[in-house]
Amino acid sequence: MKISEFHDKVADFLLSLRTEKNLSDYTCRSYASDLSQLHSFWLSTMPEAGARESILKFRAHLVKIKASNSTLARKLSCFNSYEKFLLRHGIELNLLLVRPPVILPAPVTLSTDEINFLLDKTPLTGIQSSYPCRDKAILELLYATGIRCSEVINIRIAHVDMKEQSILIYGRRKKTRTVFFSKKAKEQLEYYLEHERKKAANNLEFLFLNYRDQPLTSRSIQRICNLFGEILPTKKVITPHILRHSFAAHLLDQGAEPKTVQQLLGFATNTSIEKYL
């Protein structure tokens, strides 16, 4: 397989990641960057070589420049995924790439005292936002359910069951799961719907809207988290993922079964939960 044919199929591969695998925008951008770096290396060093030889040379180059194991593992995952995509289209590379072991850092979490300060001791009047009810409801849901940033922005009103205090989440790879929220989160959500959100024309509308009555973006959610980080006396950085980590860690500290936490987080395997143990 020559470089032109390899490069020509990248766009179709990236589209399949979004439509078939339902991978996050972040992962898709990372894979696009990895393949672009490979293409540049291939073009500048050995343009007449085949795909397998070029990828193996690129791997050796990454080792030579002392790329971290996590960086190398992600790039090899990208190339392995692309290899499987090409195989489905009748092109065999036979790369046999093995990812290096990666030691994951301990997840960053907020303490229970910090969470309680934000949820219980921060009145709506103390939130410097045009939509304090919405922002507090988002904070409550992120911590109460452990859902991802991409999942919270895609919640529609129809997905929420106030009576059961549950939300149907459409996660990665088109998988669904049900998460449950607390009584406080329910009260905050009801207050937002009653006092701040524009009355919905139907229950297929997105739950959380911006000032243009459009669904929020991932960047909007991050800004909201930044806002609450500034409220903390410690001025900590808060991200949706830190709240997700905090949800998992606090549940396990309270004696929850790892399998249960794994299911609530939407992890496919139990290896993803091991970093919290």
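Up top is the structure these notes are about.
Conventions used here
Residues numbered from 1 in each chain as written. Predicted model: local features only at pLDDT ≥ 70, side-chain atom pairs only at ≥ 80, totals over all residues. Heavy atoms only, no water. Pairing = 2+ DSSP bridges. Helix = DSSP H or I, 4+ residues; strand = E, 2+ residues; numbered from the N terminus. Contact = heavy atoms within 4.5 Å. Phe/Tyr/Trp six-rings, centres within 6.5 Å; stacked < 30°, edge-to-face > 60°. Buried < 20%, exposed > 50% of the residue type's maximum accessible area, 1.4 Å probe, protein only.

### Some remarks on the sheet that holds strand β1 (residues 160–161)
Then comes step 1: Judged by pairing direction, the sheet is antiparallel, and its 3 strands sit side by side in the order β1-β2-β3 without closing on themselves. A strand with exactly one partner marks an edge of an open sheet, and here the two such strands are β1 and β3 (176–180).
Then comes step 2: Direction of pairing for β1 relative to strand β2 (residues 166–170): antiparallel, over a ladder of 2 bridges. Residue pairing across strands places Val-160 opposite Ile-167, the latter belonging to β2.

### Some remarks on the environment of Cys-133
Then comes step 1: For Cys-133, the location among the structural elements is in helix α7 (residues 132–145).
Then comes step 2: Taking the C-alpha atoms as reference points, Cys-133 and Arg-197, 64 residues apart in sequence, are found 8.9 Å from one another.
Then comes step 3: If near-sequence neighbours (up to four positions away) are discounted, Cys-133 is found in contact with Leu-124, Gln-188, Tyr-191, Tyr-192 and Glu-196.

### Some points on the pairing of β2
Then comes step 1: Between the end of β1 and the start of β2, which pair antiparallel, lie 4 residues, with Gln-165 showing a positive phi angle near 55°.
Then comes step 2: When β2 meets β3, the two strands line up antiparallel, connected through 5 bridges. If you follow Tyr-170 over to β3, its bridge partner there is Thr-176.

### Concerning the packing of aromatic side chains
One pair of aromatic rings is described through two measures. These are the centre distance and the angle between the planes.
Then comes step 1: On inspection of all chains with the given rule, the structure shows 8 aromatic pairs.
Then comes step 2: Both rings, one in Phe-6 and one in Tyr-82, keep their centres 4.8 Å apart while their planes meet at 85°; by these two values the pair is edge-to-face. Placement of the pair is Phe-6 in helix α1 (residues 3–8) and Tyr-82 in helix α5 (residues 69–88), with a sequence separation of 76 residues. Each member of the pair, Phe-6 as well as Tyr-82, carries the same accessibility label: buried.
Then comes step 3: Note on Tyr-82 and Phe-85: the rings are 6.1 Å apart at their centroids and 15° apart in plane angle, and the pair reads as stacked. Here the residue Tyr-82 and the residue Phe-85 both occupy positions in helix α5, the gap between them amounting to 3 residues, near one helical turn.
Then comes step 4: A residue is classified by how much of its surface remains accessible, and Phe-85, at 5% relative accessible area, is buried.

### What to know about the environment of Val-10
Then comes step 1: Among the secondary structure elements, Val-10 is positioned in helix α2 (residues 10–19).
Then comes step 2: With relative accessibility at 11%, the residue Val-10 sits in the buried group.
Then comes step 3: Taking the C-alpha atoms as reference, Val-10 lies 7.7 Å from Leu-35; in sequence the two are 25 residues apart.
Then comes step 4: Excluding its chain neighbours within four sequence positions, the residues that come into contact with Val-10 are Leu-35 and Tyr-82.

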